[in-house]
Amino acid sequence: MAPQRRGAPKAHEGSGATERRRPSSLKSVRASREPWRKWPSAALLGASATLAALLLWGSLGGDDGVTEVLAHRSEVLPGRFIEVPCSEDYDSHRRFEEMRHPSCNGPQVPFTFPHDTAQRRPPSQSSTLRAHVGLRPSAHTQCVAHVFPGCSPTKCGRGVTDAVITRDEARRIRSIAEKGLSLGGSDGGASILDLHSGALSVGKHFVNLYRYFGDKIENIFSEEDFQLYRDVRQRVQLAIAQAFGISASSLYLTKPTFFSRINSTEARTAHDEYWHAHVDKVTYGSFDYTSLLYLSDYLDDFGGGRFVFMEEGANKTVEPRAGRVSFFTSGSENLHRVEKVHWGTRYAVTIAFSCNPDHGIADPAFT
């Protein structure tokens, strides 16, 4: 019987099977290496996404040096107050004013008003009030008037509240600004409307809207607009007085008090460059207490445009929210600026107060 050759065919078959299985084994090895090969690409993609998110955050309002948010847009604050040491700006400004009146000499005595003048007094009443307390309107009277016990800041700081003005009132106040600014507007990114003086940004200049538009103003504004404006101003004044422990009747509305509309349009004049750091008491000598009522929402209506109190290593920001009131003493203890608006439109109204009745201005009237 012929011998059976079993080994060779099996070996050949086995060898062929091995050859056929080899590609699939290589595939599995390659597959096991694929995730490691893809990881650097995924990491690069993730890093790019992170960078893009940071850039987006920056475009929405991030700013170098900002380390702490004093008031978030999502918060509804009944009141938040931070006391800071007072600067010498108030005394310095008083000395400067006295130098303007060299005949002012002798002891300085408190200049007080009678109880029946508790309401805010426009400048036109100054001579009447002086006569009432037995003083003549003279250089000496002006010197005396620079001492305001119970009003000039001795307690300094900054505060934020969402409990003074409602969001609906802020919307209605904003409509006043929109109606007025529809008559003009700056060629640059910052437009101003001052209902007290009538100043309105038009192109690269300002006009007096009451003179420029005359009787047409009655078709733009209403008595209800001006009444709401006065009411809001009075409530802001009371909030400031309560926060600083002074009498509201010792505060005088002062100039400039105005609406602002800011967008991302490139600046055309110096008036459009709103983002520079400044001190209100230095920029506007009459200011003792400054407040801002915000009329639009950060990140909903605009990006950038946050209010920044500048402090070494620890800037504090206020994120605008419609109806939010931010207020502070006006000296260099509250050096501040506004971030550039990157998109959208930011509305606010600056309402300022002085302790000096000679710097007072009247509320706007619809006549």
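Residue numbers here run from 1 along each chain, matching the order of that chain's written sequence. Given that the model is predicted, a residue must reach a pLDDT of at least 70 before its local features are reported, and side-chain atom pairs must reach 80 or more before they are shown or counted; all residues, however, enter totals for whole chains, interfaces and linings. Note that water and hydrogens are dropped before the side-chain values are worked out from all heavy atoms of the structure.

Draft legend 1. Seen up close, the pattern of salt bridges. The working definition used for a salt bridge is a side-chain nitrogen of Lys or Arg within 4 Å of a carboxyl oxygen of Asp or Glu. Applying the stated criterion to the full structure yields 18 salt bridges. Taking the shortest distance from any N to any O, the salt bridge between E178 and R174 comes out at 3.0 Å. Of the two residues, E178 and R174 both sit in helix α5 (residues 167-181), 4 residues apart, roughly one turn of that helix. A salt bridge links R174 to D301, with the nearest nitrogen and oxygen atoms 3.9 Å apart. With R174 in helix α5 and D301 in the loop between β9 (289-294) and β10 (302-304), this residue pair connects regions lying 127 residues apart in the sequence. Burial classification: accessible surface area is computed with a 1.4 Å probe over protein chains only, and a residue below 20% of its type maximum counts as buried, one above 50% as exposed, and the rest as partly exposed. For D301, a relative accessible area of 28% gives the class partly exposed. Each of the salt bridges in this network shares a partner with another, and the network as a whole consists of E68, R158, E311 and K316. A helix here means a DSSP run of H or I that spans at least four residues, while a strand means a run of E at least two residues long, and both kinds are numbered starting from the N terminus.

Draft legend 2. How the structure looks around the confidence of the model for the protein. Confidence per residue, as judged by the predictor, is encoded in pLDDT with a range of 0 to 100. Averaged over the protein, the pLDDT score is 78; the fraction of residues at 70 or greater is 67%. In what follows, a contact means two residues having at least one pair of non-hydrogen atoms within 4.5 Å. Contacts for the low-pLDDT stretch residues 49-62, under 50 throughout, to residues beyond four places or in other chains number 17 contacts. Taken as a whole, residues 101-145 scores under 50 in pLDDT and shows 56 contacts with residues more than four places along the chain or in a different chain.

Draft legend 3. The nonpolar core, seen in detail. What we call a nonpolar core is a set of buried Ala, Val, Leu, Ile, Met, Phe, Trp, Tyr and Cys residues that are connected through their side-chain atoms within 4.5 Å. In terms of nonpolar packing, the biggest core is built from 42 residues, with I240, L251, F259, Y289 and F353 touching the most fellow members. For this core, the secondary structure elements donating two or more residues are α5, α6 (209-213), α7 (223-244), β8 (252-262), β9, β13 (325-329) and β16 (346-354). The element that contributes the greatest number of residues to this core is α7, accounting for 10 residues. Formed by 18 residues, the second largest nonpolar core is a distinct cluster that contains I262, Y274, V341 and A348.

Draft legend 4. Just the packing of α5 against α7, in detail. Where α5 contacts α7, the two axes come as close as 10 Å, and the packing angle between them is 125°. The angle between α5 and α7 falls in the class oblique. Between α5 and α7 lies a crossing of left-handed hand. Contacts between α5 and α7 involve E169, R172, I173, I176 and K179 from the former and D225, L228, Y229, V232 and R235 from the latter. Across the contact of α5 with α7, the residue classes break down as 5 nonpolar, no polar and 5 charged. Angles run from 0 to 180 degrees between N-to-C directions of axes, and those axes are lines fitted to C-alpha atoms, restricted for helices to the stretch in contact. In this scheme, roughly parallel covers angles under 35 degrees and roughly antiparallel covers those over 145, while 65 to 115 is roughly perpendicular and the rest are oblique. Each crossing is labelled by how the near helix is turned from the far one, with a counterclockwise turn of less than a right angle marking it left-handed and a clockwise turn marking it right-handed. Ten residue types, Ala, Val, Leu, Ile, Met, Phe, Trp, Tyr, Cys and Pro, are classed as nonpolar, four, Asp, Glu, Lys and Arg, as charged, and the remainder, Gly among them, as polar.

Draft legend 5. Here's a closer look at unusual backbone geometry. In this structure, P256 follows K255 across a cis peptide bond, with omega equal to -5°. Relative to the helices and strands, P256 is located in strand β8. The phi angle at L299 is positive, at roughly 75°, despite the residue not being glycine.

Draft legend 6. Broad picture of the pairing of strand β12 (residues 315-318). Side-chain alternation along β12 places N315 and T317 on one buried face and K316 and V318 on a second face that is also buried. Any two strands are treated as partners once DSSP identifies two or more bridges connecting them. The pairing of strand β11 (residues 307-309) with β12 spans 3 bridges and is classified as antiparallel. Bridging from a neighbouring strand, V308 pairs with T317 of β12. Where β11 hands over to β12, the hairpin turn is made up of 5 residues, of which G313 adopts a positive phi near 75°.

Draft legend 7. Just the state of the cysteines, in detail. Any two cysteine sulfur atoms lying within 2.5 Å of each other are counted as a disulfide. Across all of its chains, the model carries 2 disulfides by this definition. The side chain of C86 participates in a disulfide bridge whose partner is C156; the two sulfur atoms lie 1.9 Å from each other. Residues C86 and C156 are joined by a disulfide whose S-S torsion is about 105°; by sign, that bridge is right-handed. Residue C86 is found in the loop between β2 (80-84) and α2 (89-99), and its partner C156 is found in strand β3 (residues 156-161); the two are separated by 70 residues along the sequence. For C86, a relative accessible area of 31% corresponds to the partly exposed category. Look at C156 and you get buried, because its relative accessible area is 1%. Shown here is the disulfide that connects C151 with C355, its sulfur atoms set 2.1 Å apart. Taking the torsion about the S-S bond as the criterion, the C151 to C355 disulfide, at about -85°, is left-handed. In this pair, C151 sits in the loop between α4 (139-145) and β3 while C355 sits in the segment after β16, placing the two residues 204 residues apart along the sequence. Neither C151 nor C355 differs from the other in exposure class; each is buried.

Draft legend 8. View of the pairing of strand β6 (residues 199-203). The sheet contact formed by strand β4 (residues 185-186) and β6 spans 2 bridges and is parallel. Among the inter-strand pairings, G185 is bridged to a residue of β6, identified as V202. Of the pairings in the sheet, the one linking β6 to strand β7 (residues 205-208) comprises 4 bridges and is antiparallel in character. Considered in β7, the bridge of L200 is made with V207. Hairpin remark: β6 followed by β7, antiparallel, with 1 residue in the connecting loop.

Draft legend 9. Region of interest: the packing of aromatic side chains. By convention, a stacked pair of Phe, Tyr or Trp rings (six-membered ring in the case of Trp) has centres within 6.5 Å and planes under 30 degrees apart, an edge-to-face pair has planes over 60 apart, and any other such pair is tilted. Summed over all chains, the structure comprises 13 aromatic pairs. Both rings, one in Y212 and one in F213, keep their centres 5.0 Å apart while their planes meet at 75°; by these two values the pair is edge-to-face. On the accessibility criterion, Y212 (58% relative accessible area) is exposed. In this structure F213 comes out as buried when scored by relative accessible area, which is 18%. Ring geometry for F309 versus F328: centroids 5.4 Å apart, planes at 90°, classification edge-to-face.

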